[in-house]
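Coordinate inspection notes
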Amino acid sequence: MTIPVDHPQRLLLNHELHARLPESLAPPEQISHLVLSSDAERVQQEREKLTEICIRFGHPIPTSKDNHLRIDLGPFRLQWEKHTEFTSYTFFRRGPFQEPFANTVIESVPQDWLAELPGQVLVAAHLAIYPLPEKPRNPDELAAALFEGNAITGARIGEGAGIAYADFRLHKDGFSRFIIKDISLTPRQAGRAVQRLLEIESYLIQALRTYPLSRRTMPMLGHAEQELTQITEAIASATTEEESALLDKLTKLAATTENLASSIQYRITAAQAYYELVQRRIGELRELRVEGIQTFREFCERRMGPAMHTCETVLRLQENLSRRIGRASELLRTRVNISLEHQNQQVLSSMAERAKLQLHLQETVEGLSVAAITYYVVGLVGYLARAAEAAGLPINPDLTIGISIPVVALSVALSVRKIRRMVSRNHDVD
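Computed from a predicted structure; not experimentally measured.

To continue, consider the overall build of the protein chain. When helices and strands are tallied, the protein chain shows 10 helices and 8 strands. Its C-alpha radius of gyration of 46 Å places the protein chain more than 25% over the 22 Å reference for a compact globule of 430 residues. Once the C-alpha set of the protein chain is aligned to its principal axes, its extents read approximately 160 × 65 × 45 Å. Buried residues in the protein chain amount to 40% of all 430 residues. Look at the contacts in the protein chain between residues 6 or more apart in sequence, and 71% of them connect residues 24 or more apart.

Where a protein is soluble and globular, its nonpolar side chains tend to be buried together. L127 and I180 are the most contacted members of the largest nonpolar core, which totals 39 residues. Looking at which element gives the most residues to this core, the answer is helix α5 (residues 187-208), with 9 residues. Those residues in contact with L127 that lie beyond four places of it in its chain are E29, Q30, I31, F101, F178, I180, V194, L197 and L198.

Let us now look at the layout of surface pockets. Its boundaries defined by the atoms lining it, the largest pocket holds a volume of some 340 Å³. The wall of the largest pocket is formed by 18 residues, among which F168, E201, I205, L208 and F299 lie closest to the centre. Listed by contribution, the elements that provide at least two residues to the lining of the largest pocket are β5 (121-131), α5 and α8 (296-303). Across the lining of the largest pocket, the residue classes break down as 13 nonpolar, 2 polar and 3 charged. Counted as a void, the second largest pocket has a volume near 230 Å³. Looking at the second largest pocket, it is lined by 15 residues, and the ones nearest its centre are Q98, P100, Y130, P133 and R137. When residues of the lining of the second largest pocket are traced back to their parent elements, those giving at least two are β5 and α4 (139-146). Looking at side-chain class alone, the lining of the second largest pocket contains 10 nonpolar, 1 polar and 4 charged residues.

Our focus in this paragraph is empty space enclosed by the protein. A complete count under the given rule lists 1 cavity of 30 Å³ or more for this structure. Residue lining of the largest cavity: 18 residues in total, with H33, Q79, E81, Q195 and E199 positioned closest to the centre. The greatest single-element share of the lining of the largest cavity, amounting to 7 residues, is contributed by α5. Among the residues making up the lining of the largest cavity, the classes are represented as 7 nonpolar, 8 polar and 3 charged.

Across the 7 residues of strand β8 (residues 176-182), 7 count as buried, placing the element largely inside the fold. Residues S176, F178, I180 and D182 of β8 are buried on one face, and the alternating residues R177, I179 and K181, pointing to the opposite face, are buried as well. Here β5 pairs with β8 via 7 bridges, running parallel. Bridging across to β8, I129 finds its partner in I180. Sheet analysis places strand β7 (residues 162-166) next to β8, joined by 5 bridges and oriented antiparallel. Across the sheet, A166 pairs through a bridge with F178, a residue of β8.

Relative to the helices and strands, T90 resides in strand β4 (residues 86-94). Overall, T90 belongs to the buried group, its relative accessible area being 4%. Polar side-chain contacts of T90 include one of 2.8 Å to the side chain of H33. In contact with T90, not counting residues within four places along its chain, are I31, S32, H33, R77, L78, Q79 and L198.

In this section: the pattern of salt bridges. Counted by the stated rule, this structure contains 18 salt bridges. Of the charged contacts, one joins R56 and E52 as a salt bridge, the two residues approaching to 3.1 Å between their closest N and O atoms. Here the residue R56 and the residue E52 both occupy positions in helix α2 (residues 43-56), the gap between them amounting to 4 residues, near one helical turn. Accessibility expressed as a relative area gives 25% for E52, which makes it partly exposed. R280 is the salt-bridge partner of E276, the closest N and O atoms lying 3.1 Å from each other. Linking E276 with R280, this pair stays in helix α7 (residues 240-285), spanning 4 residues, or about one helical turn. Accessibility expressed as a relative area gives 44% for R280, which makes it partly exposed. Residues joined in a network through salt bridges with shared partners are E23, E29, R70, R77 and R94.

Turning our eyes to something else, we now look at the sheet that holds strand β6 (residues 153-157). Either a parallel or an antiparallel arrangement is found when strands of a sheet pair, and the pairing is made through backbone hydrogen bonds. Reading across from one edge, β2-β3-β4-β1-β5-β8-β7-β6 is the order of the 8 strands in this open sheet, with mixed pairing throughout. The open sheet is flanked by β2 (68-72) and β6, the only strands paired with a single partner. Taken over all neighbouring pairs, the strand axes of this sheet differ in orientation by 15° on average, direction set aside. Across 5 bridges, β2 lies against strand β3 (residues 77-82) in antiparallel orientation. By the bridge assignment, L69 is partnered in β3 with W80. Along the sheet, α4 contacts β5, β7 and β8; its crossing angle with β8, the most-contacted strand, is approximately 135°.

A separate point is the environment of E330. Structurally, E330 is set in helix α9 (residues 305-390). Sequence-wise, E330 and L247 are 83 residues apart; in three dimensions their C-alpha atoms are separated by 9.8 Å.

Moving on: the pairing of β2. The alternating pattern of β2 places L69 and I71 on a buried face and H68, R70 and D72 on a face that is not buried. Taking the residues between adjacent antiparallel strands as the criterion, β2 and β3 are bridged by 4 residues, where G74 takes a positive phi near 100°.

This next bit is on α5. For α5, spanning 22 residues, the distance from its first C-alpha to its last is 32 Å, which sits close to the expected 32 Å at 1.5 Å a residue. Taking burial as the measure, the 22 residues of α5 include 17 buried ones, the bulk of the element.

Parameters at a glance
Residues numbered from 1 in each chain as written. Predicted model: local features only at pLDDT ≥ 70, side-chain atom pairs only at ≥ 80, totals over all residues. Heavy atoms only, no water. Helix = DSSP H or I, 4+ residues; strand = E, 2+ residues; numbered from the N terminus. Rg over C-alpha atoms; globule rule 2.2 N^0.38 Å. Buried < 20%, exposed > 50% of the residue type's maximum accessible area, 1.4 Å probe, protein only. Contact = heavy atoms within 4.5 Å. Core = buried A, V, L, I, M, F, W, Y, C linked by side-chain atoms within 4.5 Å. 1 Å grid on protein atoms, 1.4 Å probe; cavity = no way out; pocket = protein on both sides within 12 Å on 5 of 7 lines; lining within 4 Å. Points joined across faces, edges and corners; volume = space filled by probe spheres on them. Nonpolar A, V, L, I, M, F, W, Y, C, P; charged D, E, K, R; others polar. Pairing = 2+ DSSP bridges. Polar contact = N/O pair within 3.5 Å; in protein donor to acceptor, adjacent residues only side chain to side chain. Salt bridge = Lys/Arg side-chain N within 4 Å of Asp/Glu carboxyl O. Axes fitted to C-alpha atoms, helices over the stretch in contact; angles between N-to-C directions. Expected span 1.5 Å × (residues − 1).

Listed below in structure tokens is the structure:
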């Protein structure tokens, strides 16, 4: 059968549908989980470390460029997953054990290889899944025996197919601890339960990374709020000369606020997305209460809820501050524009007055010019008339001069007006 050519992304998209599927687990099983900070620049280093450990254990070198990988190295199984902001390494080992957190699986991993993994540790957790004992311990005994006496969180999961416990605290080895007691979990159910519990802690930590930033940002927003209040109060009584200085302060404040926004909005939005994933993973556990201890949902809402509310409050404060600065800037610019228009009107009025004075002066100068030119021309006519009389022509010089005065004056006035019109026309064309 022949079909059209595949879309370039068809294979990639199909692989994405099956990415990060949970491991199929048959209790008893020990698991160690690491989450390291990461970015796009570290991907090649991480792949080189995967190649290195495959060579050490004689496993074929992986050639896939996917962001997830599973390999069975014999003493343990490794699952590697690349996320946007972090990378996880999960180590599995199947087989019976005496104590869930003694001789953990990560102790079987080459320590020098672990120490050279790129990135910094965000989450380290041990998880053990094993069948429910014939005489299970009560929560207090369990906390004392396996969680160093810490208060524990837990619930029946899978609607009673298993029981999960955790304390979400770092123990002496730097790892947190989870246990799952298997009642009737299928291998796929067990794998999903392990994956969800580990993801809950991973996403909780990722969401909490924004909390210190939000706490540092809140005083800055408070200072900016006070500065905006002072500027707004000053606008009401500001003179025209003070408006420019206030607008400059307001512009600098807007730039500072936008710089804060660019540094926190992405992180808070990411924290909200991570917290939503936490809530979704908890919902997928299908919890039933264990008498006397809080459920995973209650723990996350009580411990994580206030931190997320703080982050969301900072985001709202920043957005509200930006809107207020925008309104204040618009008001002040309106006042500055009105002042500028008033000044422009005054300048135009002054220019019109000067133009009017220049016109009167020009008319006066033109009149004087006509009189002066007429005087000189009539003088020349007088000389000519006297010369003609001396030559014997019947001419009266005084009469000739008298008659020439209006003729010359009119001619000169018309000539001056014509020249002025020509100059004005040429100026308009230019």
